[in-house]
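Here's the letter readout for the chains.
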Amino acid sequence: MSMRQSLTAVLERGATLTGSFATEPYEAAWAAEARWFVRTLAPPPDGARLLVHAQVSPDGLHWCDLDEPRPVDAALVSWTSVRFGGWLRLAGTLEPGGTRSAETTVHIYLALKS
Amino acid sequence: MTRTEDPALARFNPLPRVLVHDDFDTGAHGWVELIGNHDEHGDLGTVDDHMRDFRPPQLSSCNFFDVGTHGALSGTYALKVATRPLTGHTGVAIRRLTMAGRGLVQFETYLTYKSEAASAENRAAYAAGSGKWDANFHPSENQFGAFTVATDICDGVRYHCVARYLNTDLANRPRRQWVYPAVPEPTPREHFEGKLKLPPTADFTAPDPDDWHAFGDAQELCYNEVPTKVNWHYLRWLIDTRTRTNVELQLNDTVHDMRGVPVPAYAEEYGSLRNLLNFYVSVRTHTDVRNFLYLDSVLVSVDW
């Protein structure tokens, strides 16, 4: 078995998120494994909550959900995606809760391995 | 197997010593997102606004909505550098080497360039540069801004050799012209010293459009009508690090003499960079449509 390929992409760097968002599309057809990391630099205000989910696409243009929304409720949150085909992106919503307007600042990493 | 018997090498025309041969079916080969410098705390908030979002390169199967996977020149994967769908945004991938000598350095690649196909989400058909499709011309071609091949070199004096294919001007009108910058690239140290501060979508190589000048004749490339057909172009760029000069740029059947194309050097010295030899490729959109530069493979060779 030859040595496996790996590539970690920083899809968002210090991004300030509000409302609904999606990362830029990322091509991952060569990879068999994908692991997401969301690192929170500035958490949302109390009562607000960031929910994210992986999305897949046949063409990088049209997207559907791969998994259920999960909360980003720690300084560093990680999970995997499998059987994702050729494209991945991370979509999500910052629910403001009782706050009038909420924002949070994060890094989003995608670690891929063949 | 000799070089001429190996199809992966026979398609290139290298100088005597091959420094790197990057086939993107076997990984990214050190091509990585360019980012500006950060402080001693690792605070990325200290990175210059215009150098913090050059986007991670992708190992792309050249996958499109109409045909599925197009694939690369050889094998399946190419290195893709992508912009955001934001006017002025630039994607940059860089490869970092140092020099063990001085003399001729040649960068060769097979490349193609595309704008993103339209969708209901991206609304590319309604973005600036769009227009009427006539079944030959596709407006997507005028939604591609520019791609650039460039270096960052330091032998004590720091300088950049740069060549840009300006597909359209900033008003999305066709130019199809090779251009070069007459000024050195703004650096994080210049920002740190209060000499400049650039906005996020500044043209980081040379922010003032008036600092870019044409060389050679205009050159039509093979966009091939629609945003989903990939035709690979041969590019060969020769520079001389002994004289800190450009030599020539070949794109397919045209060789542009670059001996008279100036190479702007920094007046100030930079530490920590002795024998720096970086190559970067960039892609810049002039409209709110993603632009892509694809490299099938890269070969860098030298005569030292």
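The structure under discussion appears in the preceding block.
All residue numbers refer to positions counted from 1 along the written sequence of the respective chain. Think of it this way: whatever chain is written first is A, whatever ligand is written first is 1, and the rest follow in order. Totals for whole chains, interfaces and linings use all residues, but because this is a predicted model, local features are given only for residues with pLDDT of at least 70 and pairs of side-chain atoms are given and counted only at 80 or more. Calculated side-chain values reflect all of the structure's heavy atoms, with hydrogen atoms and water omitted.

J.: Would you mind going over the layout of surface pockets with me for this structure?
T.: Regions of empty space are outlined by a rolling probe, equal in size to a water molecule, passed over the atoms. In this analysis the probe radius is 1.4 Å and the grid spacing 1 Å, with only protein atoms considered; a cavity is a set of points the probe fits into but cannot get out of, a pocket is an open set with protein on both sides within 12 Å along at least five of seven lines, and lining residues have an atom within 4 Å of a point. Grid points are joined across faces, edges and corners, and a volume is the space filled by probe spheres set on the points. Its volume calculated, the largest pocket comes out at about 680 Å³. Lining the largest pocket are 30 residues, with Ile35, Gly36, Asn37, Pro188 and Arg189 of chain B sitting closest to its centre. The helix count covers DSSP runs of H or I at least four residues long, the strand count covers runs of E at least two residues long, and both are numbered beginning at the N terminus. For the lining of the largest pocket, the elements supplying multiple residues, two or more each, are strand 7 (90-98), helix 2 (188-192) and strand 17 (276-284) of chain B. For the lining of the largest pocket, the element with the most residues is helix 2 of chain B, which contributes four residues. Grouping the amino acids of the lining of the largest pocket by side-chain chemistry returns twelve nonpolar, ten polar and eight charged. There is about 350 Å³ of room inside the second largest pocket. Along the walls of the second largest pocket sit 19 residues, with Asp53, Arg84, Leu86, His89 and Pro200 of chain B positioned nearest its centre. Of all the elements, strand 1 (residues 6-17) of chain A adds the most residues to the lining of the second largest pocket, at four residues. Put simply, Ala, Val, Leu, Ile, Met, Phe, Trp, Tyr, Cys and Pro go in the nonpolar bin, Asp, Glu, Lys and Arg in the charged bin, and everything else, Gly too, in the polar bin.

J.: What is the right way to look at the environment of Pro43 of chain A in this model?
T.: All names here are of chain A. Checked against the element boundaries, Pro43 lands in the loop between strand 4 (33-42) and strand 5 (49-56). The exposure class of Pro43 is exposed, given its relative accessible area of 59%. Taking the C-alpha atoms as reference, Pro43 lies 7.8 Å from Glu103; in sequence the two are 60 residues apart. Leave out the neighbours within four places in its chain, and Pro43 touches Glu103 and Thr104. Classification of residues uses two cut-offs on accessible area relative to the type maximum, computed with a 1.4 Å probe and protein chains only: under 20% is buried, over 50% is exposed, and between them is partly exposed. Two residues form a contact once any of their heavy atoms are found within 4.5 Å.

J.: Could you clarify how one ought to interpret the nonpolar core in this entry?
T.: Within soluble globular proteins, side chains that are nonpolar generally end up buried alongside one another. Residue and element names in this part refer to chain B. We call a set of buried Ala, Val, Leu, Ile, Met, Phe, Trp, Tyr and Cys residues a nonpolar core when their side-chain atoms join them within 4.5 Å. Membership of the largest hydrophobic core comes to 76 residues, with the highest contact counts inside it found for Phe107, Phe147, Leu235 and Trp237. Look past the residues within four positions of Leu235 in its chain and what remains in contact with it is Phe107, Glu108, Thr109, Leu111, Phe147, Val149, Trp178, Leu249, Gln250 and Leu251. Judged by nonpolar contacts, the second largest core, of 14 residues, contains Ala150, Leu166, Ala206 and Tyr280.

J.: Before we go on, may I ask you to explain the interface of chain A and chain B in this structure?
T.: Bring the parts together and some accessible area is lost; that lost area is often taken as the interface size. Contact with chain A, which involves 22 residues of that partner, is made by 31 residues of chain B. Buried area: the sum, over both parts, of the accessible surface (1.4 Å probe) that disappears when the two are put together. For the pair chain A and chain B, the summed buried area comes to about 2,000 Å², and 45% of that belongs to carbon and sulfur atoms. Salt bridge, as applied in this entry: a Lys or Arg side-chain nitrogen positioned within 4 Å of an Asp or Glu carboxyl oxygen. Inspection of the region where chain A meets chain B yields five salt bridges. Counted as a polar contact is a pair of N or O atoms within 3.5 Å, where, for protein atoms, one must be capable of donating a hydrogen and the other of accepting one, and residues adjacent in sequence contribute only when both atoms are in side chains. One can count 14 residue pairs in polar contact (both at pLDDT 80 or more) joining chain A with chain B. For the side of chain A that touches chain B, the elements supplying multiple residues, two or more each, are strand 1, strand 3 (26-27) and strand 9 (87-95) of chain A. A total of six residues in the side of chain A that touches chain B trace back to one element, the largest contributor, which is strand 1 of chain A. Taken together, the residues of the side of chain A that touches chain B break down into twelve nonpolar, four polar and six charged.

J.: For this particular structure, what's the right way to read the pairing of strand 16 (residues 254-257) of chain B?
T.: All names here are of chain B. In this structure, strand 15 (residues 245-251) lies alongside strand 16, joined through four bridges in antiparallel fashion. Its bridge partner lying in strand 16, Glu248 is registered against Asp257. Here the rule is simple: two strands pair whenever DSSP picks up at least two bridges between them. Hairpin connection from strand 15 to strand 16: two residues lie between these consecutive antiparallel strands, with Asn252 at a positive phi of about 55°.

J.: Any chance you could explain the pairing of strand 7 of chain B here in plain terms?
T.: On a regular strand, one side chain projects to one face of the sheet and the next to the other, so that they alternate. Residue and element names in this part refer to chain B. Of all nine residues making up strand 7, seven are buried, and the element is well covered by its neighbours. Here two bridges tie strand 2 (residues 32-33) to strand 7, and the two strands are oriented antiparallel to one another. Counterpart to Glu33 in the pairing with strand 7 is Ala93. Relative to strand 17, strand 7 is paired through nine bridges, and the arrangement is antiparallel. Bridge pairing links Val92 to Ser282 in strand 17.

J.: What should I look at first to understand the pattern of salt bridges in this one?
T.: Two side chains with opposite charge may pair up if their charged atoms get near one another. Residues and elements named next belong to chain B. The full count for this structure, using the stated rule, is 26 salt bridges over all chains. As a salt-bridge pair, Asp152 and Arg158 come within 2.6 Å of each other at their nearest N and O atoms. This pair shows no difference in class: Asp152 is buried, exactly as Arg158 is.

J.: Got a minute to help me understand the packing of aromatic side chains in this structure?
T.: The relation between two aromatic rings is expressed through the spacing of the ring centres and the mutual angle of the planes. Residues and elements named next belong to chain B. A pair of aromatic rings is counted whenever rings of Phe, Tyr or Trp (Trp by its six-membered ring) have centres within 6.5 Å, and the orientation is called stacked for planes under 30 degrees apart, edge-to-face for over 60 and tilted otherwise. Scanning the entire structure with this criterion turns up 19 aromatic pairs over all chains. For the ring pair Trp31 and Phe107, a centre distance of 6.4 Å and an interplane angle of 75° mean the geometry is edge-to-face. Here Trp31, found in the loop between strand 1 (17-23) and strand 2, pairs with Phe107, found in strand 8 (residues 104-115); they are 76 residues apart in sequence, far enough to count as distant. What makes Phe107 buried here is its relative accessible area of 3%. With centroids separated by 5.2 Å and ring planes inclined at 40°, the aromatic side chains of Tyr110 and Tyr234 adopt a geometry described as tilted. Of the two residues, Tyr110 sits in strand 8 while Tyr234 sits in strand 14 (residues 233-240), which places them 124 residues apart along the sequence. Residue Tyr234 is classed as buried on the basis of its relative accessible area of 11%. The positively charged end of Arg189 is found above the aromatic ring belonging to Tyr270, 3.9 Å away from the centroid. Comment: the charge-over-ring label is applied if NZ (Lys) or CZ (Arg) is within 6 Å of the ring centre and within 35 degrees of the ring normal.

J.: I tried to follow unusual backbone geometry on my own but got confused; where do I start?
T.: Residue and element names in this part refer to chain B. Despite not being glycine, Arg55 has its phi angle at roughly 70°, a positive value. Inspection of the secondary structure puts Arg55 in the loop between strand 2 and strand 3 (58-60). Classification of Arg55 as buried rests on a relative accessible area of 5%. Of note in the backbone geometry, Ser272 takes a positive phi value of approximately 70° without being a glycine.

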